Amino acid sequence: MKMALTKDPINIIITGVGGQGNVMASRVLAGMLVNAGYIVTIGETFGMSQRGGSVMSHLRLSSNSVLSPQIPKGRADIIIALEPVEALRVLVQYGNPDVAVLSNSRMVYPMGVITGDFTYPSLDEIKSMFAKLAGKSWIIDATSVAVDLGNPVLSNIVMIGALAGASLLPIDRRAFEKEITKSMSAGKCEINLAAFDSGMKML
Amino acid sequence: MSKLLSLAKTRVLFMGNEAIARGALEAGVSVVSGYPGTPSSEVIERLSDVAQERNLYVEWSTNEKVALEVAAAASFSGLRSMCVMKQNGVNVASDFLLHLASSGTRGGIVLVECEDPGALSSVNEGESRYFARMLEIPLLEPASLQEAKDLTKWAFELSEKIRNIVILRSVTRMSHASGNVICGKLPGNTRMAEFVSDGSFMDPLRGPVVSTPVVVKHNLQQQKLQKAVELFEKSPFNSYSGPGHPELLIITSSACFLYSQEALDLLGLQKRVGILKLGCTWPLPLRLLKKYLRLTNKIMIVEEVLPFLEENIKVATMGMLRDTGIKTFYGKMDDTLPSVGELNPDIVAAALGKIMKVKPKSLPAGYVREIQKVASKIPPREQTFCPGCPHRASFWNINTALKLDGREGIVCGDIGCYAMASLWPAIGFNTVRTLHSMGSGTGLASGFAKLEAFGQDKPVLAVCGDSTFYHAVIPALINARHNKADMTFIVLDNAGTAMTGFQPHPGLDMGAIGEPLPSVEIAAICRAIGAKVAECDPFDLEGTSKILTSFMAERGSLKVLIMKQACALSPEKKGKKQYQMKVNEELCLGESCGCNRLCTRIFRCPALTWDRAKKKAVVDEVICAGCGVCYSICPQKAIIRTEVAG
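Residues numbered from 1 in each chain as written. Chains lettered and ligands numbered in written order. Predicted model: local features only at pLDDT ≥ 70, side-chain atom pairs only at ≥ 80, totals over all residues.

**Thoughts on the overall build of chain A**
Phase 1 of the analysis: From N to C terminus, chain A includes 8 helices and 6 strands.
Phase 2 of the analysis: At 16 Å, chain A has a C-alpha radius of gyration in line with the 17 Å of a compact globule built from 203 residues.
Phase 3 of the analysis: Taking the principal axes of its C-alpha atoms as reference, chain A extends roughly 50 × 40 × 35 Å.
Phase 4 of the analysis: Out of the 203 residues belonging to chain A, those deemed buried represent 60%. (Helix = DSSP H or I, 4+ residues; strand = E, 2+ residues; numbered from the N terminus. Rg over C-alpha atoms; globule rule 2.2 N^0.38 Å. Buried ≥ 20, exposed ≤ 12 C-beta atoms within 10 Å, placed from the backbone.)

**Side note on the overall build of chain B**
Phase 1 of the analysis: Looking only at helices and strands, chain B features 22 helices and 24 strands.
Phase 2 of the analysis: The C-alpha atoms of chain B give a radius of gyration of 28 Å, which matches the 26 Å a tight globule of 646 residues would have.
Phase 3 of the analysis: Across chain B, the fraction of contacts at a sequence separation of at least 24, relative to all contacts at a separation of at least 6, is 80%. (Contact = placed C-beta atoms within 7 Å.)

**What to know about the pairing of strand β2 (residues 39-44) of chain A**
Phase 1 of the analysis: Taking burial as the measure, the 6 residues of β2(A) include 6 buried ones, the bulk of the element.
Phase 2 of the analysis: Across the two faces of β2(A) the burial is the same, with Ile39(A), Thr41(A) and Gly43(A) and Val40(A), Ile42(A) and Glu44(A) all buried.
Phase 3 of the analysis: Both β2(A) and strand β8 (residues 177-182) of chain B contribute to a ladder of 3 bridges, which runs antiparallel. Along β8(B), the bridge assignment pairs Ile42(A) with Ser178(B). (Pairing = 2+ DSSP bridges.)

**A closer look at the domain arrangement of chain B**
All names here are of chain B.
Phase 1 of the analysis: Structurally, chain B comprises domain 1 (3-233), domain 2 (239-356), domain 3 (390-564) and domain 4 (579-643).
Phase 2 of the analysis: The gap between the C-alpha centroids of domain 1 and domain 3 is 33 Å.
Phase 3 of the analysis: For the side of domain 1 that touches domain 3, the secondary-structure elements that each account for two or more residues are α2 (42-49), α3 (51-54) and β3 (57-60). (Domains from an automatic or database assignment.)

**Topic: the interface of chain B and chain A**
Phase 1 of the analysis: In this complex, chain B contributes 47 residues to the contact, which on the side of chain A involves 53 residues.
Phase 2 of the analysis: For the side of chain B that touches chain A, the secondary structure elements donating two or more residues are β8, α10 (255-267), α14 (345-356), α15 (365-375), α22 (598-603) and β22 (608-611) of chain B.
Phase 3 of the analysis: Of the residues assigned to the side of chain B that touches chain A, the class counts are 26 nonpolar, 12 polar and 9 charged. (Nonpolar A, V, L, I, M, F, W, Y, C, P; charged D, E, K, R; others polar.)

**Details of the sheet that holds strand β15 (residues 410-412) of chain B**
Residues and elements named next belong to chain B.
Phase 1 of the analysis: Strands sit in the order β16-β15-β17-β18-β20-β19 across an open sheet of 6 strands; the sheet is parallel. The sheet terminates laterally at β16 (432-434) and β19 (532-536), the two strands that pair on one side only. Neighbour to neighbour, the strand axes of the sheet diverge by 30 degrees on average, direction disregarded.
Phase 2 of the analysis: In terms of strand pairing, strand β18 (residues 487-493) meets strand β20 (residues 558-564) through 7 bridges, oriented parallel. Across the sheet, isoleucine 490 pairs through a bridge with leucine 561, a residue of β20. (Axes fitted to C-alpha atoms, helices over the stretch in contact; angles between N-to-C directions.)

**Section: the sheet that holds strand β13 (residues 298-302) of chain B**
Residues and elements named next belong to chain B.
Phase 1 of the analysis: Here 5 strands make up an open sheet; going across it, the order is β9-β11-β10-β13-β14 and the pairing mixed. Whereas interior strands pair on both sides, the edge strands pair on one side only; in this sheet they are β9 (239-241) and β14 (328-330). Direction aside, neighbouring strands of the sheet carry axes that sit 20 degrees apart on average.
Phase 2 of the analysis: The sheet contact formed by β13 and β14 spans 3 bridges and is parallel.

**Details of the packing of helix α18 (residues 440-449) of chain B against helix α19 (residues 466-482) of chain B**
Helices that pack against each other are described as a pair by the angle of their axes relative to one another and the distance between those axes.
Residues and elements named next belong to chain B.
Phase 1 of the analysis: Packing of α18 against α19 leaves a shortest axis separation of 8 Å and a crossing angle of 15 degrees. Our classification of the angle between α18 and α19 gives roughly parallel. As α18 runs across α19, the sense of the crossing is left-handed. Of the residues in α19, those touching α18 at Thr442, Gly443, Ala445 and Ser446 are Val473, Ala476, Leu477, Asn479 and Ala480.
Phase 2 of the analysis: Classifying every residue of the contact of α18 with α19 by side-chain character gives 5 nonpolar, 4 polar and no charged. (Parallel < 35°, antiparallel > 145°, perpendicular 65-115°, else oblique. Left-handed = near helix turned anticlockwise from the far one by under 90°.)

**Thoughts on the environment of Gly19(A)**
Phase 1 of the analysis: Mapped onto the elements, Gly19(A) comes out in the loop between β1 (10-17) and α1 (22-35).
Phase 2 of the analysis: Taking the C-alpha atoms as reference points, Gly19(A) and Ala162(A), 143 residues apart in sequence, are found 20 Å from one another.

**Focus on the nonpolar core**
Phase 1 of the analysis: Ranked by size, the top nonpolar core spans 263 residues in total, and within it Ile79(A), Met159(A), Ile160(A), Ala445(B), Met487(B) and Ile490(B) carry the most contacts.
Phase 2 of the analysis: The dominant element in this core, judged by the number of residues it contributes, is α10(B), at 9 residues.
Phase 3 of the analysis: Setting aside its immediate chain neighbours within four residues, Ala445(B) contacts Cys412(B), Val460(B), Leu461(B), Ala462(B), Ala480(B), Met487(B) and Phe489(B). (Core = buried A, V, L, I, M, F, W, Y, C linked by C-beta atoms within 7 Å.)

**Looking at helix α21 (residues 541-553) of chain B**
Residue and element names in this part refer to chain B.
Phase 1 of the analysis: Along its 13 residues, α21 runs 18 Å from first to last C-alpha, staying within 8% of the 18 Å computed at 1.5 Å per residue.
Phase 2 of the analysis: The set of residues buried in α21 consists of Thr544, Leu548, Phe551 and Met552. Take α21 and look down its axis: the buried residues cluster within an arc of 95 degrees, on one side only. With respect to the buried face of α21, the exposed residues turned more than 90 degrees away are Glu542, Ser550 and Ala553. (Expected span 1.5 Å × (residues − 1). Arc of directions from axis to C-beta.)

**Details of unusual backbone geometry**
Phase 1 of the analysis: Here the bond from Asp8(A) into Pro9(A) is cis, since omega is 0 degrees, no more than 30 degrees from zero.
Phase 2 of the analysis: Locating Pro9(A) in the fold gives a position in the segment before β1.
Phase 3 of the analysis: Here the amide bond leading from Thr38(B) into Pro39(B) is cis, since omega sits at 10 degrees, within 30 degrees of zero.
Phase 4 of the analysis: Considering the arrangement of structural elements, one finds Pro39(B) in the loop between β2 (31-34) and α2.
Phase 5 of the analysis: One non-glycine residue, Lys9(B), lies in positive phi territory at about 75 degrees.
Phase 6 of the analysis: As for its placement among the helices and strands, Lys9(B) is situated in the segment before β1 (11-15).
Phase 7 of the analysis: In this structure Lys9(B) comes out as exposed when scored by C-beta crowding, with 9 C-beta atoms within 10 Å.
Phase 8 of the analysis: Phi angles above zero are rare outside glycine, and Lys615(B) is one such case at about 55 degrees.

**Topic: the confidence of the model for chain B**
Phase 1 of the analysis: For chain B, per-residue confidence averages 95 on the pLDDT scale, and 100% of positions sit at 70 or higher.
Phase 2 of the analysis: This prediction of the complex comes with two scores: 0.96 for pTM and 0.94 for ipTM. (pLDDT = per-residue confidence, 0-100.)

And the structure:
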């Protein structure tokens, strides 16, 4: 079940805006990896910092060692972003020429952008920034898929499905199903599996 | 089944706070109390989930001092008990803690305090480790998630061995980190409560539990501390890893141990630098310290936030110089590391690299230039009130009333999400002008209101949340009433301790495990104090404004307005829209309206955004919570609300 890792540790950052289901995504992903026999360390910030602000979970995957809950700067291997500008915010701190970025395309405008004090880069600009700063990158419209499934908050699971589709980590549909049946009702599992499948198909 | 009850020897992914909770269960804890506060709240939340199965009494107390008293009663009765709070909660509990440590305890009792270096979710960076030294109490600090569980369990045993309370200190990066923990055995819990006090005055197990005669009890307390140090000398929670003859020795504790390990890894210094990790940090085990100080003459101390370990180690070294030789210390006192904010592997690596003259691997120069270019184009994301947050409407009301009143009223703030109204541009105007500890806004307002004789003629207001009201506001409110303070006191009642995750408080009709309890009404308390009391719905802008302006105009007494509206994230509201909102583009006049974009510059709801192409306001339906308040603020009536069926 436990495959050798391509690198040890693999440093993953999941980011987004408070309320997008960032923490839940990191828990589900970590649960899948623990079930597969890996040592996982997660570092998170939540509490008041989540109120409309940037949220970040650091997830570190190793086959043998316990690590710091904070990934050192410039050492991320995979960045999963529920919001594109948050992908950039993480990328400039933790990025390196080999990092893989998987980002949702749906923008959540910061207050300073809404008021007109700041400018939000266009999706094309963001794509070219990804191209310059990441080894690999994908931008998908996970929120629209989630809205079609009936709830925008499912975009976090669409992103996890897409991550499985990108084959960057030893995770698959069966592992996802096993993890969510532990904590969700049958009805909820079904819609989450649908979100996972839709995401997986997007890559 | 809760994963907190996982079988012995299984490997489980626990959050630090869950590991602490499991440790308490493995120790056979019976009574758990506390007051919610990030990063500590999950310890009690998770124990509430298993309270019935494990026969626990779990209580969210009104404040930390009461919580500690509740836990102490269990200890006096021979049960094991735990009290949990965030760093500044220890300040609140400290008066009782001083006397408790002097009277001594019976059943094992542990005070778990979770600190927040960097103030990620606090309005202070308080250090409570100093309480351990000041009040002469043993202090333990776990340095991994496994230790968070194991050390908690051991803390109960230690407390029972020395018959005194023990402090276990965690930090945000421990409490809110998650990792693999191997579970131990859950004992059968059969202890019954029996408070025996028929023995002689000095009998620690059968006499009265008092802190007198003070000098005698103080002496006994110090003997207990000495006994704890003897156990620390042999404790496996203090351990050394590294070469036999390191060039430099790092002494560290808590999450900083993990940062130090990572820093060695980043710099490739594992064969040159050793790490002494201390799980028992007060009082320091001196024989153990001497043994490792002898290894080298360069000592670096890595800790958060203040130089607590550093001070204590330096003082201890002064007494052992003949054995250890002269040392060079690196830490906070010589600015090797900062004395504010949290540390991380990079900060530790940079400091260590400077001492050892090695550099971590850096990114290619071209890549760094690209990073700088991109970084300059990223708009900042400030914290804001959530879509549908009642506080946005409440402060809109307060601001409107202040403007109508025209006398530049002073608003004193308090602790909760509503603190954002003071420091951040969460809304497009400033209202709250002071922000300190729980309940302090009301005490400050009481003081401001008495400055009339010295020329202070602005109206005085104070705000506080519902949970804060019970925690520390009541004495200040009685003070205001008794001393005839002319002020308007506003309760922002959002039906729970919202900021920390909806823990119940005495205003609700249920307790920590959902059991039915009688509620204690805020309005009834205020009326009993003698205040003039009114209640309103802050979403009703017109009605609220009427009461507020009339309260501010009325001179000479204490007025209380309770603004009632549940938090948008509360379980009963989350995901349910009352209204479907839409901007009528025909009616919205954009920049030419003359309102200065009241909706998107002043009201500032994340769901009410600006269409740059059309130059009109637009509702982001994915984010909108459907509270409908923005309908009332648009002078053009361009924001349309339609009630959602069901």
